[in-house]
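Summary of the model geometry
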Amino acid sequence: MADVRVFNVVILGIGFLLIFTAFTTCGNIEQTVIKSVENRTFVGSGYHSLGIIYGVFSVSNLFAPTVVTILGPQVTMFLSGVLYSGYIAVFIHPAAWSLYMTSFLIGVGAAMLWTAQGHFLVQNSDAATINRNTGVFWGLLQCSMLFGNLYIYFDWNGITEITDGNRRSLFLALLVISVLGTLCFLVLRKPPLQEDILSEEEGQSLLSAHVMYKQRAVSAVREAKSDFGTMLKLFQSRTILLLSCCMAYSGLELSFYSGVYGTCLGATTHFGNAAKGLIGLSGIMVGIGEILGGGLFGLVCKNSRLRRTSVVFLGMVVHFIAFYLIFLNIPDDAPLAINSGTQHEPYLLPSASIALLCSFLLGLGDSCFNTQLYSILGCVYAEQSAPAFTIFKFIQSICAALAFFYSGYLLLTWQLLLMVLLGFMGTLCFFLVEKMQNLTGVLEQP
């Protein structure tokens, strides 16, 4: 029994590692790639594509649990993986209609994939193994930020223009990686307990497959209605209203480090032939910061209130240092100057070392906020964890979508200023929630 569950967790992690090696690499370079292929027949925006993904993802989270309950987590993850692979394939021969259509589809698929992943991980864990299994899965997943970006560095370092050959060879490789990750889900085995249940169901010859699926659907819809009602109540609680500011900030900085900052580095003319290669190195440094922060703050620091506030404060300071260095080091027009290169002069002579340090700080700070948001929600809403986490992903994704849409229009200074203001307010609100817990002993319930 234990061997099957360990096998499932490892294969699940490898599948996500491969799929998100392709997807995170794509997101990091998407705007740069799209601007390099713009012509009379193709005009698109990587920022808009990513904005659509996160916007659709936020809404799809509301009904994803129902779909997963009806289809089952394994089938849902496989179908979602197919959508991810389709999105990667679009960049081999880009077209505006296919780019935005697959952006919409992958937004739906992402919600299904992550919901199914949570169900499947729980099915293959118990009270004694859930922490270990979660650690194994997240450790494999975080490595996805390393390998694809390493390829970008070696393949693009020293080039000033991304040719059709560069693009096609890269996305063919990413497509193969994504397909392999999708096929991993077909190898997953049913947990031993589930196999026993299914064998009993198969023995009930009076109950046809059609009736079983109908019962599942009715039960899933009933559960979805109950969860939606709980979500509406939670939205009205003071705790969620305060934490929503911190959740919103996590969405803004997610869009910045995952799609905007790498584009800024690639467009900075002061970096010369090294600019395009820096996009890959930046992604690697963000990944290292995420892995270090996730391991240190997610596993070492438990649910101590003092440590939660300390970690969030550290995340704010780390991000503000990164934002200030970026403000000094990167030209103000970098998010907008993809083809022509930057024309504005930064306050300092751009340094690749400072740029990569900022990438590391962005990843480290992001892990500070996310680990502690997960921690406080899991602690406060232990009995209503699913609706609470759905609210978190909804707010985070909506704000990430908005940030991607304005990133193609606002100068870098204004984008950094927005994150500073919301980051400060989010940290302050997080502190207020912890103070409420200290004063009352138990946080308000709706």
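What you see is a predicted model; the values in this text were computed from it and never measured. (Residues numbered from 1 in each chain as written. Predicted model: local features only at pLDDT ≥ 70, side-chain atom pairs only at ≥ 80, totals over all residues. Heavy atoms only, no water.)

What about helix α14 (residues 352-380)?
- Helix length check: α14 (29 residues) gives 42 Å between terminal C-alpha atoms against 42 Å at 1.5 Å per residue, within 8%.
- Within α14, 22 of the 29 residues are buried, which leaves the element mostly enclosed by the surrounding structure.
- Between the side-chain oxygen of the N-cap and the backbone nitrogen of S353 there are 3.3 Å, and the N-cap of α14 in question is S351. (Helix = DSSP H or I, 4+ residues; strand = E, 2+ residues; numbered from the N terminus. Expected span 1.5 Å × (residues − 1). Buried < 20%, exposed > 50% of the residue type's maximum accessible area, 1.4 Å probe, protein only. Polar contact = N/O pair within 3.5 Å; in protein donor to acceptor, adjacent residues only side chain to side chain.)

Overview of empty space enclosed by the protein
- Tallying each qualifying case throughout the model produces one cavity of 30 Å³ or more.
- Counted as a void, the largest cavity has a volume near 30 Å³.
- In terms of lining residues, the largest cavity is bounded by L252, S255, F256, V260, A403, Y406, S407, Q415 and M419.
- Sorting the residues of the lining of the largest cavity by element identifies α11 (238-267), α15 (385-407) and α16 (412-440) as the ones contributing at least two each.
- Of all the elements, α11 adds the most residues to the lining of the largest cavity, at four residues.
- Considered class by class, the residues forming the lining of the largest cavity number six nonpolar, three polar and no charged. (1 Å grid on protein atoms, 1.4 Å probe; cavity = no way out; pocket = protein on both sides within 12 Å on 5 of 7 lines; lining within 4 Å. Points joined across faces, edges and corners; volume = space filled by probe spheres on them. Nonpolar A, V, L, I, M, F, W, Y, C, P; charged D, E, K, R; others polar.)

Comments concerning the nonpolar core
- The biggest cluster of nonpolar side chains holds 113 residues, and the ones touching the most others in it are Y87 and F171.
- Considering each element in turn, this core owes the most residues, 16 residues, to α11.
- Contact partners of Y87, with chain neighbours within four places excluded, come to F23, C26, E30, S49, L50, I53, L99, T102, S103 and I106. (Core = buried A, V, L, I, M, F, W, Y, C linked by side-chain atoms within 4.5 Å. Contact = heavy atoms within 4.5 Å.)

Considering the side chain of T371
- Examined against the element boundaries, T371 turns out to sit in helix α14.
- Judged by its relative accessible area of 19%, T371 is buried.
- A polar atom in the side chain of T371 sits 2.7 Å from the backbone oxygen of S367.
- Within polar-contact distance, the side chain of T371 engages the backbone oxygen of C368 at 3.3 Å.

Some points on the pattern of salt bridges
- Applying the stated rule across the entire model yields two salt bridges.
- Across the pair R167 and D164 runs a salt bridge, and its minimum N-O distance is 2.8 Å. Residue R167 and its partner D164 are located together in helix α8 (residues 164-187), separated by three residues, close to a single helical turn.
- Judged by relative accessible area, which is 39%, D164 ranks as partly exposed.
- The shortest N-O distance in the salt bridge between E434 and R308 comes to 2.6 Å. Highlighted residues: E434 in helix α16 and R308 in helix α13 (residues 305-329), separated in sequence by 126 residues. Just as E434 is buried, R308 falls in that class too. (Salt bridge = Lys/Arg side-chain N within 4 Å of Asp/Glu carboxyl O.)

Side note on the packing of helix α2 (residues 46-60) against helix α5 (residues 96-123)
- α5 packs onto α2 with a crossing angle of 40 degrees between their chain directions and a minimal axis gap of 7 Å. By crossing handedness, the relation of α2 to α5 is classed as right-handed. Only L99, Y100, S103, F104, I106, G107, V108, A110, A111 and W114 of α5 make contact with α2, whose side of the interface consists of H48, S49, I52, I53, V56, F57 and S60.
- Looking at the contact of α2 with α5 residue by residue, the classes come out as twelve nonpolar, five polar and no charged. (Axes fitted to C-alpha atoms, helices over the stretch in contact; angles between N-to-C directions. Left-handed = near helix turned anticlockwise from the far one by under 90°.)

Notes on the confidence of the model for the protein chain
- The predicted model of the protein chain has a mean per-residue pLDDT of 82, with 83% of residues at 70 or higher.
- Here helix α9 (residues 192-203) stands out as the least confident element of the protein chain, with mean pLDDT 49; helix α4 (residues 73-90) is the most confident, with 93.
- Within the model, the stretch residues 194-203 combines pLDDT values under 50 with four contacts to residues more than four positions away or in other chains.
- Overall, residues 442-446 carries pLDDT values under 50, and its contacts beyond four positions in sequence, including any with other chains, amount to 18 contacts. (pLDDT = per-residue confidence, 0-100.)

Here's the deal with the packing of helix α3 (residues 64-71) against α5
- In contact at an axis separation of 9 Å, α3 and α5 are set at 60 degrees when each is read in the N-to-C sense. Considering their axes alone, α3 and α5 lie oblique with respect to each other. Taken as a pair, α3 and α5 cross one another with a handedness that is right-handed. Mapping the contact onto sequence places A64, P65, V67 and V68 in α3 and A111, M112, T115, A116 and H119 in α5.
- Looking at the contact of α3 with α5 residue by residue, the class counts come to seven nonpolar, two polar and no charged. (Parallel < 35°, antiparallel > 145°, perpendicular 65-115°, else oblique.)

Considering the packing of aromatic side chains
- Inspection of every chain in the model, using the stated rule, returns 19 aromatic pairs.
- The interplanar angle of 70 degrees and the centroid separation of 5.9 Å between the aromatic rings of F16 and F185 together place this pair among those described as edge-to-face. Highlighted residues: F16 in helix α1 (residues 2-36) and F185 in helix α8, separated in sequence by 169 residues. For the pair shown, F16 and F185 are each scored as buried.
- Looking at R189, its charged tip hangs above the ring of F7, at a distance of 4.4 Å from the centre.
- The cationic tip of K393 hangs over the ring face of F392; the distance from NZ or CZ to the ring centre is 5.7 Å. (Phe/Tyr/Trp six-rings, centres within 6.5 Å; stacked < 30°, edge-to-face > 60°. Lys NZ or Arg CZ within 6 Å of the ring centre and 35° of its normal.)

As for the environment of P191
- Looking at the element boundaries, P191 is found in the loop between α8 and α9.
- Look at P191 and you get buried, because its relative accessible area is 3%.
- Separated by 67 residues in the primary sequence, P191 and N124 place their C-alpha atoms 6.1 Å from one another.
- In contact with P191, other than residues within four places in its own chain, are N8, Q123 and N124.

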